Amino acid sequence: MKTKAALVERSAGKWEVTEVDLDGPRQGELLVKMVASGLCHSDDHLTTGDLQLGHYPIAGGHEGAGIVEEVGPDTPEWKVGDRIVMSFLPGCGRCRWCASGMQNLCDSGARTLDGTRADGSFRMSLDGQGVGQMSGLATFSQWSTVSVLSAIHCPDDVPLEVACLTGCGVGTGWGSAVNSAGVRPGDVVIVMGVGGIGINAVQGASHAGASVIVAVDPVEFKRGTALRLGATHAAATMAEAMEVVAPLTNGQGADSCIVCVGVTRGDHVAQGVDAIRKGGTCVLTGIGNMAEVGIPVSPTMLTLFQKRIQGSLFGASSPSKDIPLMLELYRQGRLRLDELVTTRYPLDKINEGYADMHAGRNIRGVIVHEH
Ligand SMILES: NC(=O)c1ccc[n+]([C@@H]2O[C@H](COP(=O)([O-])OP(=O)(O)OC[C@H]3O[C@@H](n4cnc5c(N)ncnc54)[C@H](O)[C@@H]3O)[C@@H](O)[C@H]2O)c1
Ligand SMILES: [Zn+2]
Ligand SMILES: [Zn+2]
């Protein structure tokens, strides 16, 4: 069949909305009619060249939700009409990582950044040439064929336009606070960068009982939103944040700092490490240019103050446990999703959506697909 999809043709380009050919589902796969997709900053890294992929062209989008339109042969557990959220990382349930409660590190995620199947094949093509699918998904496509390892059932009463956010941004931010920072009741937490990811680190820290949550962002609209969604303080810079944190911690620093800056560099992490107390944790969730090396931190001071720098992929969550948890917390009114969507766009306006993200106008922009 044909489907309209947003592609990156080569590293450092822009989104081109083009009609591509889509193959139907094989065993263990689903054909999904995509309803909505969040405009996560990670897809933008494909167009800037910060993230270099193993294969071009690639159809973007990894934060999606939709409806099952066809089920591959011998594929139990799924039927036509099922509502699904797609996890940007697949989980096989059997590998060492899945069996150890680290499903986000599942071996089946190895192809996330080249967008091919485990056997190197493609389900999308353009003029006979294989087109990769970001995270194996391509949620910037009206229809897509995806692995059941990425599919999570969505309850009937959660709108797909907000459910899609749990496939990346919500779980990543929430888990960065709850799992990776291990926020405890009473903690003092700094969240650096409160876009689509950081705002959910604020929600996670609040859920875990932090007494002080300082949201740091140069954009006033982001700071205001963070204050409405659980932050106790807001600051435009880390220096300003330390003016809040120092007197509250006897000058010792925050228990944790979660770095969610859009284009993260080593010096952002160093600021996070400076901001935490002895034995504290700096969580690194943001992504930048993958060729860049180095964090300007004194190794000796890291030792003497016994600080921890902790990378975090999808908030160290297990998608098949944690996405249903996020959806349930939303149903209970304990996790906000509606408030995260600033603007909705048709697929044709995807470059406008990303321009709005760069201009600081969106917490999250969401593509709502037309069919
Ligand atoms: N680790 C993971 O699993 C994972 C998953 C998804 C996204 N990400 C990455 O997380 C990062 C954030 O993504 P997003 O979708 O929230 O992006 P976003 O653009 O919505 O938000 C980034 C925020 O950082 C702010 N910012 C920029 N410079 C800053 C600074 N010096 N100090 C404080 N704030 C600053 C921006 O104003 C913006 O509000 C991206 O790098 C993205 O690729 C990581
Ligand atoms: Zn993402
Ligand atoms: Zn696995």
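Everything numeric in this text was worked out from a predicted model, so none of it was measured.

In this section: the overall build of the protein chain. Assigned secondary structure in the protein chain consists of 11 helices and 18 strands. Since a compact globule built from 371 residues should have a radius of gyration of about 21 Å, the 20 Å found for the protein chain is in line with a globular shape. Referenced to the eigenvectors of the C-alpha coordinate spread, the extents of the protein chain come out at roughly 65 × 40 × 40 Å. Burial statistics for the protein chain: of 371 residues in total, 52% are counted as buried. Here the contacts in the protein chain between residues at least 6 apart in sequence split such that 73% fall between residues at least 24 apart.

What follows is about the site of ligand 1. In the neighbourhood of ligand 1, 32 residues make up the surrounding shell, with His41, Gly193, Gly195, Ile197 and Gly262 lying closest. Mapped onto the shell around ligand 1, the elements with two or more residues apiece are α1 (41-48) and α4 (169-180). Per-element accounting of the shell around ligand 1 gives the leading share, three residues, to α1. When grouped by side-chain class, the residues that make up the shell around ligand 1 number 14 nonpolar, 16 polar and two charged. Each of two domains, domain 1 (2-167 + 337-368) and domain 2 (173-313), supplies a minimum of three residues to the shell around ligand 1.

Taken domain by domain, the protein chain comprises domain 1 (2-167 + 337-368) and domain 2 (173-313). A separation of 28 Å is found between the C-alpha centroids of domain 1 and domain 2. Taken together, the 15 residues of domain 1 in the interface contact 15 residues of domain 2. Element by element, the count of residues in the side of domain 1 that touches domain 2 is highest for α1, at three residues.

Attention shifts here to the pairing of strand β6 (residues 83-86). Each regular strand shows side chains that alternate between the opposite faces of the sheet. Direction of pairing for strand β5 (residues 64-71) relative to β6: antiparallel, over a ladder of three bridges. Note on β6: the bridge partner recorded for Ala65 is Val85. Summarising the sheet, β6 and strand β10 (residues 151-153) pair through three bridges and their orientation is antiparallel. Bridge pairing links Ile84 to His153 in β10.

Checked against the element boundaries, Val214 lands in strand β12 (residues 212-216). Sequence separation between Val214 and Ala59 is 155 residues; the distance between their C-alpha atoms is 36 Å. Once you skip the residues sitting within four places of it in the chain, Val214 turns out to touch Ile190, Ala231, His233, Ala235, Ala241, Val244 and Val245.

For the rest of this paragraph, the subject is the sheet that holds strand β1 (residues 2-8). Strand order in the closed barrel formed by five strands is β1-β2-β7-β8-β4, and the pairing between neighbours is mixed. Direction of pairing for β1 relative to strand β2 (residues 16-22): antiparallel, over a ladder of six bridges. The partner of Ala5 across the bridge, within β2, is Thr18.

Counting residues in hydrophobic clusters, the biggest one holds 107 residues, and the most contacted among them are Ala59, Val189, Ile190, Val191, Val202 and Ile258. Among the elements that take part in this core, strand β3 (residues 29-38) stands out by supplying six residues, more than any other. Counting contributing residues, this core receives three or more from each of domain 1 (2-167 + 337-368) and domain 2 (173-313). In this structure Val191 touches Gly198, Ala201, Val202, Ala205, Ile213, Ala215, Val216, Ile258 and Cys260, once residues within four positions along its chain are discounted.

Cut-off values and rules
- Residues numbered from 1 in each chain as written.
- Chains lettered and ligands numbered in written order.
- Predicted model: local features only at pLDDT ≥ 70, side-chain atom pairs only at ≥ 80, totals over all residues.
- Helix = DSSP H or I, 4+ residues; strand = E, 2+ residues; numbered from the N terminus.
- Rg over C-alpha atoms; globule rule 2.2 N^0.38 Å.
- Buried ≥ 20, exposed ≤ 12 C-beta atoms within 10 Å, placed from the backbone.
- Contact = placed C-beta atoms within 7 Å.
- Near = placed C-beta within 6 Å.
- Nonpolar A, V, L, I, M, F, W, Y, C, P; charged D, E, K, R; others polar.
- Domains from an automatic or database assignment.
- Pairing = 2+ DSSP bridges.
- Core = buried A, V, L, I, M, F, W, Y, C linked by C-beta atoms within 7 Å.

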